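Understanding the architecture of this molecule
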Amino acid sequence: MIGKASAKKYTVADLYTEAAKMVKGEMSALKNKPLDPEETEKAEALARFISKTVLKEMKVV
């Protein structure tokens, strides 16, 4: 829907959460099985790093 603005406000925490879901999903798909706790922690750290980099490039933070 072009031209319609969303009334929902997104936070940086929302960005981190969505990025973590995406990274964990991709890593799990590559591995063809669920991630173990150590891999999950590393995936979340990677997602946070990627999010911070994107925000920095967009000059949001």
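Look up: the structure comes first, before these words.
Residues numbered from 1 in each chain as written. Predicted model: local features only at pLDDT ≥ 70, side-chain atom pairs only at ≥ 80, totals over all residues. Heavy atoms only, no water.

The next point concerns the nonpolar core. Residues Ala-19, Ala-20, Val-23, Leu-35, Ala-43 and Ala-47 constitute the largest nonpolar core, which totals six residues. Every element with two or more residues in this core is listed here: helix 1 (12-31) and helix 2 (37-57). When residues in this core are grouped by element, the largest group, three residues, is from helix 1. With near-sequence residues (within four places) excluded, Leu-35 lies in contact with Lys-24, Met-27, Ser-28, Thr-40 and Ala-43. (Core = buried A, V, L, I, M, F, W, Y, C linked by side-chain atoms within 4.5 Å. Buried < 20%, exposed > 50% of the residue type's maximum accessible area, 1.4 Å probe, protein only. Helix = DSSP H or I, 4+ residues; strand = E, 2+ residues; numbered from the N terminus. Contact = heavy atoms within 4.5 Å.)

The next subject is the packing of aromatic side chains. Under the criterion given, the structure shown has zero aromatic pairs. Just above the ring of Tyr-16 sits the side chain of Arg-48; from NZ or CZ to the centre is 4.1 Å. (Phe/Tyr/Trp six-rings, centres within 6.5 Å; stacked < 30°, edge-to-face > 60°. Lys NZ or Arg CZ within 6 Å of the ring centre and 35° of its normal.)

Turning our attention to a nonpolar patch on the surface. Taken together, Leu-46, Phe-49, Ile-50, Val-54, Met-58 and Val-60 make up a surface patch of nonpolar side chains, about 570 Å² in accessible area. Tracing the chain through its elements places Val-54 in helix 2. Residue class for Val-54 comes out partly exposed when judged on its relative accessible area of 38%. (Patch = residues over 30% accessible without salt bridge, like charges linked within 9 Å, V, L, I, M, F, W, Y side chains within 5 Å. Areas by Shrake-Rupley, 256 points an atom, 1.4 Å probe, with all protein chains shown as cover. Salt bridge = Lys/Arg side-chain N within 4 Å of Asp/Glu carboxyl O.)

Right, let's talk about unusual backbone geometry for a bit. A positive phi angle is found at Asn-32, which is not glycine, with a value near 65°. Exposure remark for Asn-32: the relative accessible area of 69% places this residue in the exposed category.

This paragraph deals with the pattern of salt bridges. One pass over the structure, following the stated rule, counts five salt bridges. Where Glu-44 meets Lys-24, a salt bridge forms, and the shortest distance between an N and an O atom there is 3.1 Å. Note that Glu-44 is positioned in helix 2 and Lys-24 in helix 1, a separation of 20 residues in sequence. Given a relative accessible area of 37%, Glu-44 falls into the partly exposed group.

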